[in-house]
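Survey of secondary and tertiary structure
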Amino acid sequence: MLMTFDKVSRLIESGKLLHIAGTEQLLRKLPKGSWIGGSTEYFMDEEGGKISDNLLYVTEFPYENFAVKVYTSDDIKNVAPDAFDNGFSVLIVPFDSEVHKEYAHNAANYEGMFIKVVVGWVAGMNLEKSDQTPISVNGVTGEAYADKAVVLHLKVPADKTVSVNIINIFEQDMSSPVFEFYEEGFSVRNCLVDGKETVLADYIAENNINTKLPLVGDYAGSGVNVSSMSVENGVVNFYAPLFSGIKYRMSISIPDYEQAFQEQLAEHTDTELVFSCNCILNFLYGGLEGKKIGIFSGPITFGEIAYQLVNQTLVYVTVK
């Protein structure tokens, strides 16, 4: 839930095991303790969506066995091997850092990635402010990082089972042309559209493409969103990388974004939820500021992690 700085400080000092989201300024001032953190000013609270630079969102975990670790782009591949056999790991990665790019490109191929449970989010900043740096924080040491990921590895009791769930309102529009990319990465100039080489920015402009809708890639029958961030100087920038060998199509049109999102949420009523995060694009395009979305509270993020990096989704974890 959202709390004041003083209340969060008292929780830390009492020895609670915490996940904390808030501004860089507030996170850097918190006392040392058993916690990890990441930067954002966007939140989903029990009272509704909120933008705040003076409150912190706190998730308390009831587990006794845990480990806090810090990873660079060189060793982030160890995040799953380092995880507990029966548990889950909450990973926070600063937006646009080298470790963010490394994880986004390669996480699906890491050892043990789909055997251990790895979830989390990409730390960001207020989109209306230019003087902020996305950070992750190791609360045990008090160190903050713009270029390293922080992970809270959690072990759950032997009689409990962890599940990761994704709420995604998008799916491929089968009438859309097929987009294929040989320039892999977060930024693209040229691509193939139904086999014809095309400048993607020109195609978007000429066809009046709604960039609030993601491209949806076909990953062995599963749809994975890749969301547009901006179009600058003929280059289209995305919140996640595009890959060669994957066939992408535009998402189906969503006439009422908020309604479609709320309808999906209504199908998920699991009260044993222990962690959730939601995409900044769902927050903005769905008009969620001031609106409640049931039990799903947590940080609003610049990318979600459900094993690998995903976009325009809500990710949550249950322990049963």
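Criteria and thresholds
Residues numbered from 1 in each chain as written. Predicted model: local features only at pLDDT ≥ 70, side-chain atom pairs only at ≥ 80, totals over all residues. Heavy atoms only, no water. Helix = DSSP H or I, 4+ residues; strand = E, 2+ residues; numbered from the N terminus. Buried < 20%, exposed > 50% of the residue type's maximum accessible area, 1.4 Å probe, protein only. Contact = heavy atoms within 4.5 Å. Areas by Shrake-Rupley, 256 points an atom, 1.4 Å probe, with all protein chains shown as cover. Lys, Arg positive; Asp, Glu negative; His and termini not counted. Charge placed at Lys NZ, Arg CZ, Asp CG, Glu CD. 1 Å grid on protein atoms, 1.4 Å probe; cavity = no way out; pocket = protein on both sides within 12 Å on 5 of 7 lines; lining within 4 Å. Points joined across faces, edges and corners; volume = space filled by probe spheres on them. Nonpolar A, V, L, I, M, F, W, Y, C, P; charged D, E, K, R; others polar. Pairing = 2+ DSSP bridges. Axes fitted to C-alpha atoms, helices over the stretch in contact; angles between N-to-C directions. Polar contact = N/O pair within 3.5 Å; in protein donor to acceptor, adjacent residues only side chain to side chain. Core = buried A, V, L, I, M, F, W, Y, C linked by side-chain atoms within 4.5 Å. Salt bridge = Lys/Arg side-chain N within 4 Å of Asp/Glu carboxyl O.

1. Remarks on the overall build of the chain
- In terms of helices and strands, the chain carries six helices and 27 strands.
- When the backbone C-alpha atoms are referred to their principal axes, the chain occupies close to 60 × 40 × 40 Å.
- A total of 320 residues make up the chain; the buried ones form 56% of that total.
- Within the chain, residue pairs in contact and separated by at least 24 positions form 74% of the contacts whose partners lie at least 6 positions apart.
- When the accessible area of the chain is evaluated, it comes to approximately 13,700 Å², of which 45% is carbon and sulfur surface.
- Of the charged side chains in the chain, 23 are positive and 42 negative, and the gap between their average positions amounts to 5 Å.

2. Here's the deal with the layout of surface pockets
- In this structure, the largest pocket occupies an estimated 210 Å³ of space.
- Along the wall of the largest pocket there are 16 residues; nearest its centre are Ala104, His105, Tyr219, Phe243 and Gln308.
- Where the lining of the largest pocket is concerned, the elements lending two or more residues are α3 (98-106), β19 (222-226), β21 (235-242) and β26 (308-310).
- When its residues are assigned to classes, the lining of the largest pocket shows twelve nonpolar, four polar and no charged.

3. Considerations on the sheet that holds strand β8 (residues 87-94)
- Strand order in the open sheet formed by six strands is β7-β12-β8-β9-β25-β26, with mixed pairing between adjacent strands. Two strands bound the open sheet, and with one partner strand each, they are β7 (66-71) and β26. Averaged over all pairs of adjacent strands, the angle between strand axes in this sheet comes to 20 degrees, irrespective of strand direction.
- The pairing of strand β9 (residues 118-123) with strand β25 (residues 304-306) spans three bridges and is classified as antiparallel. Each bridged residue has a counterpart across the sheet, and for Trp121 the counterpart in β25 is Glu304.
- Packing of α3 onto the sheet brings it into contact with β7, β8, β9, β12 (149-155), β25 and β26, and relative to β8 it is tilted by some 130 degrees.

4. Let's talk about the environment of Lys77
- One can find Lys77 in the loop between β7 and β8.
- We classify Lys77 as partly exposed; its relative accessible area is 42%.
- A polar contact is formed between the side chain of Lys77 and the backbone oxygen of Asp74, at a distance of 2.7 Å.

5. Observations regarding the nonpolar core
- In this structure, Phe88, Tyr103 and Phe179 are the most contacted members of the largest nonpolar core, which totals 96 residues.
- Formed by 15 residues, the second largest nonpolar core is a distinct cluster that contains Phe5, Leu26, Leu56 and Val58.

6. Here we look at empty space enclosed by the protein
- Under the criterion given, the structure shown has two cavities of 30 Å³ or more.
- If you add up the space inside the largest cavity, you get close to 90 Å³.
- Looking at the largest cavity, it is lined by 13 residues, and the ones nearest its centre are Ile204, Ile209, Leu215, Ser228 and Met250.
- Looking at the lining of the largest cavity, the elements that each hand over two or more residues are α4 (200-206) and β21.

7. Side note on the pattern of salt bridges
- Here the structure, examined in full by the defined rule, presents ten salt bridges.
- Salt-bridge contacts for Lys129 lead to Glu41; the nearest nitrogen and oxygen are separated by 3.3 Å. Here the residue Lys129 occupies a position in the loop between β9 and β10 (136-138), and Glu41 occupies one in the loop between β3 (35-39) and β4 (42-45), the gap between them amounting to 88 residues.
- Relative accessible area serves as the criterion here: at 34%, Lys129 is assigned to the partly exposed category.
- Residues Lys101 and Asp96 are paired through a salt bridge, measuring 3.8 Å at the closest nitrogen-oxygen approach.

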